[in-house]
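An overview of the molecular structure
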Amino acid sequence: EDQVTQSPEALRLQEGESSSLNCSYTVSGLRGLFWYRQDPGKGPEFLFTLYSAGEEKEKERLKATLTKKESFLHITAPKPEDSATYLCAVQAVGDKLIFGTGTRLQVFP
Amino acid sequence: EAQVTQNPRYLITVTGKKLTVTCSQNMNHEYMSWYRQDPGLGLRQIYYSMNVEVTDKGDVPEGYKVSRKEKRNFPLILESPSPNQTSLYFCASRLQGAIYGYTFGSGTRLTVV
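Right, let's walk through the structure included here. These numbers were taken from a predicted model, which means no experiment stands behind them.

**Side note on the side chain of Asp38(B)**
Residue and element names in this part refer to chain B. Inspection of the secondary structure assignment puts Asp38 in strand S4 (residues 31–38). Taking relative accessible area as the criterion, Asp38 reaches 11% and is therefore assigned buried. When residues no more than four places from it in sequence are discounted, the contact partners of Asp38 are Arg44, Thr86 and Ser87.

Below is the structure:
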């Protein structure tokens with residue numbers, strides 16, 4: 001069964017304290033792994049797509065990496081405005097998308 | 001402005017009364033999709049469409065219908081809503097090609113009493 005598990009469920013960081021979020025997955029025939037950011041009361045916002053093991057993508061303080069069984073979202077020197085829920089999703093057959101339940105990140109000054 | 005527009009934003013209805021949530025995108029995207037989001041369960045895909053007149057089931061299609069008669073519109077129909085369909089619903093669209101992520105609408109909060 002296709003499945004996505006994210007950890008931790010919640011993470012509190014002090015401003016400037018770097019950390020990583022984890023997304024582990026099982027899917028038959030991975031066609032892409034996606035990271036999204038969701039602010040309270042809003043729809044998710046697309047961040048990255050990763051396809052193959054060893055791939056990396058960067059955007060400002062965020063860097064996403066992919067292995068054969070998991071992906072990491074590294075946050076370097078986070079700021080309070082990085083506070084949000086970060087969602088991981090994998091694309092299976094067709095355009096079927098399976099989301100994890102997310103990591104709720106809180107960055108305090 | 002490039003966007004996905006859902007209507008209504010909030011809806012309270014009674015069990016069994018048919019309703020439609022509209023979704024429209026102005027980005028000429030081929031793919032469109034509907035999701036529901038529930039606490040502890042995350043986002044779950046209801047239906048998706050890869051082109052006009054082409055739709056397929058996601059993980060939780062029971063109790064829902066969709067149609068894709070035009071490229072820009074992808075309405076979600078609840079023929080006989082039940083309280084377990086109370087949820088936050090999102091419509092999304094994207095370009096064809098795995099590199100592209102979805103652009104999401106602002107959501108529709110549905111309550112069925």
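**Describing the packing of aromatic side chains**
Scanning the model with the defined rule gives 10 aromatic pairs over all chains in all. Judged by centre distance (5.8 Å) and plane angle (65 degrees), the rings of Tyr36(A) and Phe46(A) are edge-to-face. Residue Tyr36(A) is located in strand S4 (residues 32–38), and its partner Phe46(A) is located in strand S5 (residues 45–50); the two are separated by 10 residues in the primary sequence. Considering the side-chain rings of Tyr35(B) and Tyr102(B), the 6.2 Å spacing of their centres and the 80 degrees angle between planes classify their relative orientation as edge-to-face. In this pair, Tyr35(B) is assigned in strand S4 and Tyr102(B) in the loop between strand S9 (87–94) and strand S10 (103–104), connecting sequence segments 67 residues apart. Per residue, the accessibility class of Tyr35(B) equals that of Tyr102(B), and both read buried. An aromatic cluster is built from Phe34(A), Tyr36(A), Phe46(A), Phe99(A), Tyr35(B), Phe90(B), Tyr102(B) and Phe104(B), whose rings are joined through pairwise contacts.

**Regarding the interface of chain B and chain A**
By a widespread convention, an interface's size corresponds to the accessible area lost as its parts come together. Opposite the 24 residues of chain B that make contact, chain A presents 21 residues. Both faces considered, chain B and chain A share a buried interface measuring about 1,600 Å² in area, 53% of it formed by carbon and sulfur atoms. For the interface between chain B and chain A, the tally reads 2 salt bridges. Ionic pairing is found between Arg94(B) and Asp95(A), a salt bridge with its closest N-O pair at 2.6 Å. Here chain B and chain A share 6 residue pairs in polar contact (both at pLDDT 80 or more) between them. Every element with two or more residues in the side of chain B that touches chain A is listed here: S4, strand S5 (42–51) and S9 of chain B. For the side of chain B that touches chain A, the residue count by class is 12 nonpolar, 8 polar and 4 charged.

**A look at the sheet that holds strand S8 (residues 76–78) of chain B**
Sheets are built from strands paired through backbone hydrogen bonds, the pairs being either parallel or antiparallel. All names here are of chain B. With antiparallel pairing, the 4 strands of this open sheet are ordered in space as S1-S3-S8-S7. Both outer strands of the open sheet, strand S1 (4–7) and strand S7 (65–66), are each paired with one neighbouring strand and no more. By the bridge criterion, 3 bridges tie strand S3 (residues 19–25) to S8 in an arrangement that is antiparallel. Paired with Val21 across the strands is Leu76, a residue of S8.

Cut-offs used in this document
Residues numbered from 1 in each chain as written. Chains lettered and ligands numbered in written order. Predicted model: local features only at pLDDT ≥ 70, side-chain atom pairs only at ≥ 80, totals over all residues. Heavy atoms only, no water. Helix = DSSP H or I, 4+ residues; strand = E, 2+ residues; numbered from the N terminus. Buried < 20%, exposed > 50% of the residue type's maximum accessible area, 1.4 Å probe, protein only. Contact = heavy atoms within 4.5 Å. Phe/Tyr/Trp six-rings, centres within 6.5 Å; stacked < 30°, edge-to-face > 60°. Buried area = accessible area lost by both parts, 1.4 Å probe. Salt bridge = Lys/Arg side-chain N within 4 Å of Asp/Glu carboxyl O. Polar contact = N/O pair within 3.5 Å; in protein donor to acceptor, adjacent residues only side chain to side chain. Nonpolar A, V, L, I, M, F, W, Y, C, P; charged D, E, K, R; others polar. Pairing = 2+ DSSP bridges.

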